[in-house]
Amino acid sequence: MIPFFIAAIDTVMFNLRHNGIHSFSLCGSLTREYSKLLCHGMDEHHRQMICKPHQGSAILSNEWDQYAANWDVDPSVEEYSKQSYAELLNNVNIDGLRVLDFGCGTGSLTQLLSPRVRQIVAIDPSPEMIKFVEKKALENVSTVSDYLSETLIQRHPDFGLKFDLIVASSVCSFLPNYESTLTLLKSLLTPDGVWVQWDWLSTDETSEMGLTQRRVENAFQQVGFANTKISTPFKMTSSKGEMPVLMAIGKHQ
Ligand SMILES: C[S@@+](CC[C@H](N)C(=O)[O-])C[C@H]1O[C@@H](n2cnc3c(N)ncnc32)[C@H](O)[C@@H]1O
């Protein structure tokens, strides 16, 4: 059986490739290639909603909402989070840090981080995913159900202070523009702050599943991260075979 975690990601990719604009017009999880296509070929109203879903438009529904209820019961979600967390501990001393969990989903990584860090802001555009983070009732965690944007950063009190650590577990390959989002995220780091992302490793630039090492390297260079480390520390197994996970670490300066 294909684990739910992997099947859900496949389904999101399929929907993005085959559905009409209306079925995901408020969804931010567009693949790079598809969002480019859409953003150039549509009227201004839809272009605004898809390319800049956070600018003034309410989140009415989200492609990821439908997966929220089954997310935590999938053992592969737990395994992915545990492996990511273990690798994080191998690379970063997380004790007492102020953390942003970007694209937190139901908060499986947030839950692991919570006992050791000072504070976590868990952000995700899927209101249903965020409901499950809130059910965990972690006392040092606050949630934001929205897309990250300049406007949100200026207006939301949780973004008044910078973050020592920003993590993104299986999120970056779903961003409409990974590179510009990375620039925005870097601006939220303290001078010593660290960015860590995990994504399915892709070996094909044209693939819609995961990110290639080269794309991540180029993005890190473009954004200006220092002391970067890009590796493939673990693999997940499914009926599709072994799926390597890319982990990329960059320091603010
Ligand atoms: C594969 S899930 C990973 C969830 C969680 N990080 C985990 O490891 O279980 C991808 C998550 O990215 C979120 N997401 C999609 N588009 C996003 C965007 N533009 N900005 C931030 N998060 C996004 C989705 O709502 C979803 O919760």
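Residues numbered from 1 in each chain as written. Predicted model: local features only at pLDDT ≥ 70, side-chain atom pairs only at ≥ 80, totals over all residues.

A. Local environment of the overall build of the chain. The secondary structure content of the chain amounts to 10 helices and 8 strands. Buried residues in the chain amount to 38% of all 253 residues. (Helix = DSSP H or I, 4+ residues; strand = E, 2+ residues; numbered from the N terminus. Buried ≥ 20, exposed ≤ 12 C-beta atoms within 10 Å, placed from the backbone.)

B. The arrangement of helix H10 (residues 213-223) in detail. Residues of H10 that are buried include every one of Val216, Ala219, Phe220 and Val223, and no others. End-on view of H10: buried residues confined to an arc of 100°, all on one side of the axis. Residues Arg214, Asn218, Gln221 and Gln222 are exposed on H10 and point more than 90 degrees away from its buried face. Looking at the packing, one finds that the buried side of H10 touches helix H9 (178-186), strand E6 (211-212), strand E7 (226-238) and strand E8 (241-251). Just beyond H10, the residue with positive phi is Gly224, at close to 90°. (Arc of directions from axis to C-beta. Contact = placed C-beta atoms within 7 Å.)

C. Highlighting unusual backbone geometry. You will see that Ser170, though not glycine, has its phi angle at about 55°, which is positive. Take Ser170: it is sitting in the loop between strand E4 (163-169) and H9. Judged by C-beta crowding, with 21 C-beta atoms within 10 Å, Ser170 ranks as buried. Its identity as a non-glycine residue notwithstanding, Asn227 has a phi of 45°, on the positive side.

D. Just the environment of Thr228, in detail. Within the secondary structure layout, Thr228 lies in strand E7. Along the sequence, Thr228 and His252 sit 24 residues apart, while their C-alpha atoms lie 9.7 Å from each other. For Thr228, the contacting residues outside a window of four places in its chain are Phe220, Ile249 and Gly250.

E. Looking closely at the environment of Met129. Relative to the assigned elements, Met129 resides in helix H7 (residues 127-135). Filtering out sequence-adjacent residues up to four positions away, Met129 remains in contact with Trp64, Ala68, Gly105, Thr106 and Asp124.

F. Expanded view of the nonpolar core. In terms of nonpolar packing, the biggest core is built from 50 residues, with Val99, Phe102, Ile166 and Leu246 touching the most fellow members. Once residues lying within four places of it in the same chain are set aside, the contact partners of Val99 are Leu113, Val117, Ile120, Phe163, Asp164, Leu165 and Val167. (Core = buried A, V, L, I, M, F, W, Y, C linked by C-beta atoms within 7 Å.)

G. A look at the packing of H9 against H10. H10 packs onto H9 with a crossing angle of 45° between their chain directions and a minimal axis gap of 10 Å. Looking at the two axes, H9 sits oblique to H10. Relative to H10, H9 is oriented so that their crossing is right-handed. Packed against H9, whose contacting residues are Tyr178, Glu179, Leu182, Thr183 and Lys186, the element H10 presents Ala219, Gln222 and Val223 at the interface. Tallied by class, residues from the contact of H9 with H10 come to 4 nonpolar, 2 polar and 2 charged. (Axes fitted to C-alpha atoms, helices over the stretch in contact; angles between N-to-C directions. Parallel < 35°, antiparallel > 145°, perpendicular 65-115°, else oblique. Left-handed = near helix turned anticlockwise from the far one by under 90°. Nonpolar A, V, L, I, M, F, W, Y, C, P; charged D, E, K, R; others polar.)

H. Broad picture of the pairing of strand E5 (residues 189-202). Alignment of E4 against E5, held across 6 bridges, turns out to be parallel. By the bridge assignment for E5, Phe163 is matched with Leu189. Since E4 and E5 lie parallel, the crossover through H9 that links them has a hand, and here it is right-handed. The sheet contact formed by E5 and E8 spans 7 bridges and is antiparallel. Looking at the pairing, Val196 lines up with Ile249 of E8. As defined by bridge partners, E5 adjoins E6 across 2 bridges and the pair is classed as parallel. Residue pairing in the sheet places Leu201 in a bridge with Leu211 of E6. (Pairing = 2+ DSSP bridges. Right-handed = clockwise from strand over helix to strand, strands pointing away.)

I. Structural view of the environment of Ser149. Following the sequence through the fold, Ser149 ends up in the loop between strand E3 (141-144) and helix H8 (150-155). Residues Ser149 and Leu185 lie 36 residues apart in sequence; the distance between their C-alpha atoms is 9.5 Å.

J. Representation of the pairing of strand E1 (residues 98-102) in the model. Taking burial as the measure, the 5 residues of E1 include 4 buried ones, the bulk of the element. In this sheet, strand E2 (residues 119-123) lies alongside E1 in parallel orientation, the contact comprising 5 bridges. Paired with Val99 across the two strands is Ile120, which belongs to E2. In the classification by handedness, the crossover that spans E1, the intervening helix H6 (residues 108-113) and the parallel E2 is right-handed.

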